[in-house]
Amino acid sequence: MDAQSRGRADEIDPADQWVINPRTGHYELRLGNSVEQQQRQQRPSVSAPRRSRSATAPAPTAPSPAVPKPRRGDGPPGRRTGRSRKGGGGGGRKKSLVITGGALAFLLVGGSVAGYLYYQHLNGNLTITDTAGAGTGGFRKNEAINILVIGTDKRSGAGNEGYGDANSVGHADTTILFHVAKDRSNATALSIPRDLITDIPACPTKQPDGSTKEIGATKGTRFNNSLGQEGRDAGCTMRTVKALTGIEIDNFMMVDFNAVKNLSTAVGGVPVCLEKAVDDRDSKLKLGAGEHRLAGEDALAFVRTRHAFGNESDLDRIKTQQAFLSSMMREMKSKETLTSPKKFFSLAEAATKSLTVDQGLGSIDKLTDLAGELKDIDLKNVTFTTLPVLDNPAEKVKATVVLNQGLADPLLQMIRGDVSLTEVEKKEAAAKEAADADAKAKQDALLQGGRAAAADVRVDVYNGGGPKGSASTTLNWLQNTKGVSKSSNRGNAPAKVDATRLEYAPNQADQARALADLLGLPVTAMKVGTADAAAKTPMKLTLGPDFKEPGTPLTPAPPQQLPQDVQRTEADKAVCVK
């Protein structure tokens, strides 16, 4: 007898039996010896809920007839039968506006046989797209993470006929570059306007038969054409974002209209606030001023509404979507969601059914690894912002926008430099900066003093993140141009560094100052040790990502303060939409 049969036989509802194990922190199915019985069965069955057909009700998704109706508590959805794993090329059928909230739910599944079985079921929900090398191949631990989240306007799914473009294969309608800091203390969600005029680079796309087809470049077109149009897939959008921002993308997640409806329903509705009443004839959204909890069709109508907010532009709709996503993230991380098995499992189900990912995120294990990297980020340190733009000066009737270079450059430099945009984070860092002031003053003194002759400078050169071949080109430059004959190429450094550094002993200070002069090293790159070095010991020069070529000053440090005119909001703050 399986777990569900046992539950019915004993007049116990299995939906009531998912409880937290206080030792492991995981949900476990407690039905007497049913776990042992499941371990002996090769393929135990678990039933799954149907998607809710309710348009606005914030109630949880209704279970299918195969699942005993919950009477006392919350229970998980289970395995659906007859669903095959999806994969291969294409993959514009599903996508989402949600950043990582659904993935966070996976962290709590596991530690039991039932958890393992549910993992396998969720794996079958995912759709995977081969992006033909568009990204880095996947995020890495101990490095900054850049995930591209794409929401498409394809009308797939019941009830979605009134949204998006009829007969469209889908555009990159909502695009958010989600940057997670290397130290995992903060994150930035950068919205990219769909009507931004930009260049779309040529991109190879994987075809259903396994072949690769190259889609030609297009200059001066809307950003949203980077997906779906002319056969472009999410890999083309990844390449376009890299060309536009200078930020290399690790992975992508893509969802469609159904994701908003299903995820908002799974969490029991998303709280929103309106400064004024809304009655939008296009989206059919009709709400009074004040606070509301939206789910299903109402939630989708809210994030699609354009003409009822602000100046009726897509830029104001982006602000509305950011407010909605912030609220959804707060709801997902709330105690009411994480301690409710029914909401928790409904959320995992809705998230995976709505998700298309690249091969680097193509399993629940990989998504769980990603969620593990994000789980400790406080929402007060998650900043939503929008790539700064201006009305297109070439248009009399304003319909598109162009990059506002003066504001976009410092913003993108901060993201590339892994600098937090969050005021809270800056305030917390202020104390550390004050403590470092004395140390910096002492470092400034390092450049004061004599210089050794170039022929007396001994240094080993390593490449710790500079352009390929940097150690070799630097060695040739030092020896053949600057007379530093006692230099050696040591190849790649054991580990990458954040910035170029010169490590030396106190009794090598004259050599260090001479080398700093030759290379144009700032004082911040000079790292003096505490003990003197033995005779003929070389210094250690490690070239970082700020190094371009020998003799060229290092890339300046990114700005530490965002221009005041750049729009931003923190995810922990509830904002009333205007």
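Keep in mind it's a predicted model, so treat the numbers as computed, not measured.

Overview of the packing of aromatic side chains
Okay, so step 1: The tally for this structure, following the rule as stated, stands at 2 aromatic pairs.
Okay, so step 2: Judged by centre distance (5.8 Å) and plane angle (65°), the rings of Phe-302 and Phe-309 are edge-to-face. For the pair formed by Phe-302 and Phe-309, the shared burial category is buried.
Okay, so step 3: Judged by centre distance (6.0 Å) and plane angle (40°), the rings of Phe-302 and Phe-324 are tilted. One end of the pair, Phe-302, is in helix 7 (residues 296–304); the other, Phe-324, is in helix 8 (residues 314–332), with 22 residues separating them in the sequence. Each member of the pair, Phe-302 as well as Phe-324, carries the same accessibility label: buried.
Okay, so step 4: Taken together, Phe-302, Phe-309 and Phe-324 form an aromatic cluster joined through their ring pairs.
Okay, so step 5: Over the aromatic face of Tyr-462 sits the side chain of Lys-540, whose NZ or CZ is 5.1 Å from the ring centroid.

As for the sheet that holds strand 16 (residues 356–358)
Okay, so step 1: If you trace the 8 strands from one edge of the open sheet to the other, you get 3-16-11-4-5-6-17-25, paired in mixed fashion. Each edge of the open sheet is held by one strand with a lone partner, namely strand 3 (127–129) and strand 25 (568–570). Between one strand axis and the next, the sheet turns through 20° on average, direction left out of account.
Okay, so step 2: Here strand 6 (residues 187–192) pairs with strand 17 (residues 382–386) via 5 bridges, running parallel. Bridging across to strand 17, Ala-187 finds its partner in Val-382.
Okay, so step 3: Against the sheet, helix 8 touches strand 5 (172–180), strand 6 and strand 17, its axis set at about 165° to strand 17.
Okay, so step 4: Most of the contacts of helix 11 (residues 364–374) go to strand 4 (residues 145–152), to which it runs at about 115°, and overall it touches strand 4, strand 5 and strand 11 (251–255).

A look at the pairing of strand 17
Okay, so step 1: Here strand 17 lies mainly inside the structure; 5 of its 5 residues are buried.
Okay, so step 2: Across 3 bridges, strand 17 lies against strand 25 in antiparallel orientation. Opposite Thr-385, over in strand 25, you have Arg-568 as the bridge partner.

Here's the deal with the state of the cysteines
Okay, so step 1: By the definition in use, this model includes 2 disulfides.
Okay, so step 2: Here Cys-203 is linked by a disulfide to Cys-236, with a sulfur-sulfur distance of 1.9 Å. With the S-S dihedral at roughly 75°, the linkage between Cys-203 and Cys-236 falls on the right-handed side. Of this pair, Cys-203 sits in strand 8 (residues 203–206) while Cys-236 sits in helix 5 (residues 234–245), and the two are 33 residues apart along the sequence.
Okay, so step 3: The exposure class assigned to Cys-203 is buried, which follows from its relative accessible area of 0%.
Okay, so step 4: Between Cys-273 and Cys-576 runs a disulfide, and the two sulfur atoms are separated by 1.7 Å. One quick way to see it: the torsion about the S-S bond of Cys-273 and Cys-576 is about 50°, and its sign makes the bridge right-handed. Of this pair, Cys-273 sits in strand 12 (residues 270–274) while Cys-576 sits in strand 26 (residues 576–577); the two residues are 303 residues apart in sequence, bridging distant segments of the chain.
Okay, so step 5: Judged by relative accessible area, Cys-273 falls into the buried class, the value being 15%.
Okay, so step 6: Residue Cys-576 is classed as partly exposed on the basis of its relative accessible area of 30%.
Okay, so step 7: The disulfide pattern of the protein is 1-2, 3-4 when the bonded cysteines are numbered in sequence order.

Conventions used here
- Residues numbered from 1 in each chain as written.
- Predicted model: local features only at pLDDT ≥ 70, side-chain atom pairs only at ≥ 80, totals over all residues.
- Heavy atoms only, no water.
- Phe/Tyr/Trp six-rings, centres within 6.5 Å; stacked < 30°, edge-to-face > 60°.
- Buried < 20%, exposed > 50% of the residue type's maximum accessible area, 1.4 Å probe, protein only.
- Helix = DSSP H or I, 4+ residues; strand = E, 2+ residues; numbered from the N terminus.
- Lys NZ or Arg CZ within 6 Å of the ring centre and 35° of its normal.
- Pairing = 2+ DSSP bridges.
- Axes fitted to C-alpha atoms, helices over the stretch in contact; angles between N-to-C directions.
- Contact = heavy atoms within 4.5 Å.
- Disulfide = S-S within 2.5 Å.

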